[in-house]
Amino acid sequence: PLGPHNVCRALDPFESSQRLEQNEWSARAFSLSVVLERCSRVGGCAGPFKAMEHKAVGKRCPVARLQHRKTLLLVDCTAGNILAVKNTELLVAYTQIDTRFLKLGFAVKQWASSAGINDASKGSLSSYALLNMLIFYLQNTSPPVLPRLQQLSTPAHPKVENLVGPWDTYYLSDVEAAKQTLVPANTATAAELLIGFFDYYASFDFNRVLTIRTGMTQHRGQSSLLKHARAPLAIQDPFDLSHNLTAVVGAKTFETIKHAIVKERTRLGITQMHSPSVENVFPGVTLKRVRGNKPPNYRKSFTSTPKRVKPDNRQLGNPSAPAPAP
């Protein structure tokens, strides 16, 4: 639901249990991109997607990136990453519970892209890590906007282990039942919640581990399963409890992220506190795009460069120059 989108193909249990060589992972990623592109062709004409790149990401999974030709949306395709399917399903459930999450997800992602902190391959935040931060914040507003799906159950949907490898991927999939737990309802506008997001993380204690599985932070010593727990930023995957989603973030980048959050909070607090909508807070953020138009320039939404004014020659010590026209 929130770009870049994830398309996942599960390998058979025997194949997925093998540790593949790096070049084999890369070959599978390339093959996946070619297959998806060819399948999208109609009558020999170019289909709606084009292959952008293929790469192997560590030993976790190969990734092929496609781009939708008309909307320019990016699609990350993975092979052999079964947990990614569960992660995507969990995000879909949260978007179905409250549509404000969808709007906020686009806004936060575009802010991070503009600030240069939304590229895990370069040591900053992945889109999935950003969405985990957003969900965690929405779980902890007062009253909460989103529930803690992995902690809920009903008589019709009892909590039963759903193992993928060693990890339990259970969550309450009954969206209507989950909505009924949100009493009283949070009536804040999306714009107010967006400002609250930056306010929340501007003073957040990043010495603790953030996890949407419980909706609470944990002391780093409590997360015994979490690898890279000493990284500057620790966001635990909701299913794979050993995976720190921000393990690639170094100390310098972490400081850049915190500075960007505080800077945006200050900007919104001064100029946009009474804006009625996300679109007014970030004018470039939109969920719709007219067919055939160029995508909006989101960078203009987050930066304000003063227009250059041509100086008056008289002010530069040239009294013989003609005065500017009125």
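See the structure printed just above.
Residues numbered from 1 in each chain as written. Predicted model: local features only at pLDDT ≥ 70, side-chain atom pairs only at ≥ 80, totals over all residues. Heavy atoms only, no water.

Caption draft 1: Just the overall build of the chain, in detail. Looking only at helices and strands, the chain features 10 helices and 6 strands. The buried share of the chain, taken over its 326 residues, is 43%. When contacts within the chain are restricted to residue pairs at least 6 apart in sequence, those whose partners lie at least 24 apart make up 59%. Approximately 18200 Å² of the chain is accessible, and the part contributed by carbon and sulfur atoms is 55%. (Helix = DSSP H or I, 4+ residues; strand = E, 2+ residues; numbered from the N terminus. Buried < 20%, exposed > 50% of the residue type's maximum accessible area, 1.4 Å probe, protein only. Contact = heavy atoms within 4.5 Å. Areas by Shrake-Rupley, 256 points an atom, 1.4 Å probe, with all protein chains shown as cover.)

Caption draft 2: Spatial organisation of the nonpolar core. Grouped together as the largest cluster of nonpolar side chains are 58 residues, with contacts concentrated most on Phe-101, Trp-111, Leu-138, Leu-149 and Tyr-201. Secondary structure elements with two or more residues in this core: helix H3 (82–97), helix H4 (99–115), helix H5 (127–139), helix H6 (175–179), helix H7 (190–202) and helix H8 (251–271). For this core, the element with the most residues is H5, which contributes 10 residues. (Core = buried A, V, L, I, M, F, W, Y, C linked by side-chain atoms within 4.5 Å.)

Caption draft 3: Focus on the packing of H3 against H5. Viewed as axis vectors pointing N to C, H3 and H5 meet at an angle of 40 degrees, and their least axial separation amounts to 12 Å. As far as their axial angle goes, H5 and H3 are oblique. As for how H3 packs across H5, the hand of that crossing is left-handed. Of the residues in H5, those in contact with Asn-87, Leu-91 and Tyr-94 of H3 are Tyr-128, Leu-131, Ile-135 and Gln-139. (Axes fitted to C-alpha atoms, helices over the stretch in contact; angles between N-to-C directions. Parallel < 35°, antiparallel > 145°, perpendicular 65-115°, else oblique. Left-handed = near helix turned anticlockwise from the far one by under 90°.)

Caption draft 4: How the structure looks around the pattern of salt bridges. For the structure on display, the rule yields 6 salt bridges. Close ionic contact of Lys-179 with Glu-176 constitutes a salt bridge, the shortest N to O distance being 3.8 Å. Placement of both Lys-179 and Glu-176 in helix H6 is noted, with a separation of 3 residues, approximately one turn of the helix. The class of Lys-179 is partly exposed, set by a relative accessible area of 33%. (Salt bridge = Lys/Arg side-chain N within 4 Å of Asp/Glu carboxyl O.)

Caption draft 5: How the structure looks around the environment of Glu-264. When you line up the elements, Glu-264 lands in helix H8. Taking relative accessible area as the criterion, Glu-264 reaches 5% and is therefore assigned buried. In sequence terms Glu-264 and Ile-195 are 69 residues apart; their C-alpha atoms lie 8.8 Å from each other.

Caption draft 6: Region of interest: the packing of aromatic side chains. Tallied over the full model, the rule gives 13 aromatic pairs. Each ring, one from Phe-136 and one from Phe-204, has its centre 6.1 Å from the other, and the planes form 85 degrees; the classification is edge-to-face. Of the two residues, Phe-136 is situated in helix H5 and Phe-204 in the loop between H7 and H8; the sequence distance between them amounts to 68 residues. Taken individually, Phe-136 and Phe-204 each receive the classification buried, so the pair is uniform in this respect. One aromatic cluster is present, formed by Trp-111, Phe-136, Tyr-137, Phe-197, Phe-198, Tyr-200, Tyr-201, Phe-204, Phe-206 and Phe-254 through successive ring pairs. (Phe/Tyr/Trp six-rings, centres within 6.5 Å; stacked < 30°, edge-to-face > 60°.)

Caption draft 7: Inspection of the side chain of Thr-141 at higher detail. For Thr-141, the location among the structural elements is in the loop between H5 and strand S5 (163–164). At 3.3 Å, the side chain of Thr-141 and the backbone oxygen of Leu-138 are in polar contact. In this view, Thr-141 contacts Asn-186 and Leu-193; residues no more than four positions away in its chain are not counted. (Polar contact = N/O pair within 3.5 Å; in protein donor to acceptor, adjacent residues only side chain to side chain.)

Caption draft 8: Spotlight on H3. For H3, spanning 16 residues, the distance from its first C-alpha to its last is 24 Å, which sits close to the expected 22 Å at 1.5 Å a residue. The complete set of buried residues in H3 reads Leu-83, Ala-84, Lys-86, Asn-87, Thr-88, Leu-90, Leu-91, Ala-93, Tyr-94, Thr-95 and Ile-97. (Expected span 1.5 Å × (residues − 1).)

Caption draft 9: Focus on unusual backbone geometry. With omega at -5 degrees, the peptide bond leading from Ser-142 into Pro-143 counts as cis. Mapped onto the elements, Pro-143 comes out in the loop between H5 and S5. In the segment running from Val-183 into Pro-184, the intervening peptide bond is cis, with an omega of 0 degrees. Within the secondary structure, Pro-184 sits in the loop between H6 and H7. Positive phi, close to 55 degrees, is recorded for His-228, a residue that is not glycine. With respect to the helices and strands, His-228 occurs in the loop between H7 and H8. You can call His-228 exposed: its relative accessible area is 54%.

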